[in-house]
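Understanding the architecture of this molecule
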Amino acid sequence: MSNSSASRTNLTSDRVRLHRDEVIGEGAFRTAYAGTYIGGNRNSQEAVCKCFRGQYRMLESEFYKSDFQVADRAIRFAEDWNDICESDETILITRGDVHTIGGRKYLVEPLIRNFTKFTSNNGWISGDEGWMGEAMEAFSHYTYHRSGGQLIVCDLQGRYRSNRYNRSKSRFELTDVAICSRRCSYGPTDLGEKGIDSFFDSHVCNQFCSVDQYWQRPRNTRQWFPQTSSTSMMRSSQAHLLNLNNRTTFRPGYAGILEEDSDDCDY
């Protein structure tokens, strides 16, 4: 999906200089370092290089295995969204590449300045982002409708890049999105049916919903997780707990949920 009009990639730049002394973001699981592209279309542009912290490297293989699958599926939904939305509401999804530097794996992608968290994957929705937040909620709702109720793209974070000289070039640029699916097939950030249920328990339809036709949504939803802006992760061995037929509700401090803290800085 690297050539999609809805993707934001490293283009032809396949090398990066890692700045180990410049940390630009740090969560519970990963650290984000500054980088600079060497050669290619993005030569000398800023990159971000994300790696798992030592004690969480056991999540690394499962995360990277699903990360590109998540990005590619989200990009396809963004393409469809961009066909129906206004020109200044289009979405680009970041799709990076894994580089091995000094024996460690880094996810390398174009840096996003003025980072904002719009939603999480556990049902949390920011109420402070005005029409931009509403548009992001609507995109998640749209992906549920477009997939026939099988999944949502969520954990929406990045920036709105406004172009005051040419409105049609204004757009959302998102990174590290998650997918919650009924089959729990999108890695450790896929909170399954309970992730879908929790989003719709928080989501109130707005001006951006059902713009082309009525969009379906589930009935009789409830919140299954503590609402937090952090990204929640669960190992695949616990996927059975995420089915709606299982009545487990995840309380604060539940040991099976790992949370990636979020800070509204560059990322």
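What counts and how
- Residues numbered from 1 in each chain as written.
- Predicted model: local features only at pLDDT ≥ 70, side-chain atom pairs only at ≥ 80, totals over all residues.
- Heavy atoms only, no water.
- Phe/Tyr/Trp six-rings, centres within 6.5 Å; stacked < 30°, edge-to-face > 60°.
- Helix = DSSP H or I, 4+ residues; strand = E, 2+ residues; numbered from the N terminus.
- Buried < 20%, exposed > 50% of the residue type's maximum accessible area, 1.4 Å probe, protein only.
- Lys NZ or Arg CZ within 6 Å of the ring centre and 35° of its normal.
- Pairing = 2+ DSSP bridges.
- Contact = heavy atoms within 4.5 Å.
- Axes fitted to C-alpha atoms, helices over the stretch in contact; angles between N-to-C directions.

**A few points about the packing of aromatic side chains**
For the structure on display, the rule yields 15 aromatic pairs. Ring centres 5.3 Å apart and planes at 75° place the aromatic pair Phe-52 and Phe-63 in the edge-to-face group. Of this pair, Phe-52 sits in strand S4 (residues 46-52) while Phe-63 sits in helix H1 (residues 60-84), placing them eleven residues apart in sequence. Given a relative accessible area of 0%, Phe-52 falls into the buried group. You can call Phe-63 buried: its relative accessible area is 7%. Geometrically, the ring pair formed by Phe-52 and Tyr-64 is edge-to-face, given 6.1 Å between the ring centres and 85° between the ring planes. Here Phe-52, found in strand S4, pairs with Tyr-64, found in helix H1; they are twelve residues apart in sequence, far enough to count as distant. Judged by its relative accessible area of 10%, Tyr-64 is buried. Clustering of aromatic rings is evident, with ring pairs tying together Phe-118, Trp-131, Tyr-160, Phe-172 and Phe-208. Sitting over the face of the ring of Phe-52, Arg-30 holds its NZ or CZ atom 5.9 Å from the ring centroid.

**Section: the sheet that holds strand S1 (residues 7-8)**
Pairing is mixed across the open sheet formed by five strands, whose spatial order is S1-S5-S11-S10-S8. Either end of the sheet is taken by a strand with one partner, and the two such strands are S1 and strand S8 (116-117). Relative to strand S5 (residues 90-94), S1 is paired through two bridges, and the arrangement is parallel. Note on S5: the bridge partner recorded for Ser-7 is Ile-93. Against the sheet, helix H2 (residues 130-146) makes contact with S5, strand S10 (157-161) and strand S11 (171-174), and its axis sits at roughly 65° relative to S11, the strand it touches most.

**A look at the sheet that holds strand S7 (residues 104-110)**
With antiparallel pairing, five strands are arranged side by side in an open sheet as S2-S3-S4-S7-S6. In this open sheet, the two strands that pair with only one neighbour each are strand S2 (16-26) and strand S6 (97-101). When the angles between neighbouring strand axes are averaged without regard to direction, this sheet yields 35°. Pairing geometry for S6 and S7, over five bridges, is antiparallel. Bridge pairing in S7 links Ile-101 to Arg-104. Helix-sheet contacts for H1 involve strand S3 (30-37), S4, S6 and S7, and the interaxial angle to S7 is about 30°.

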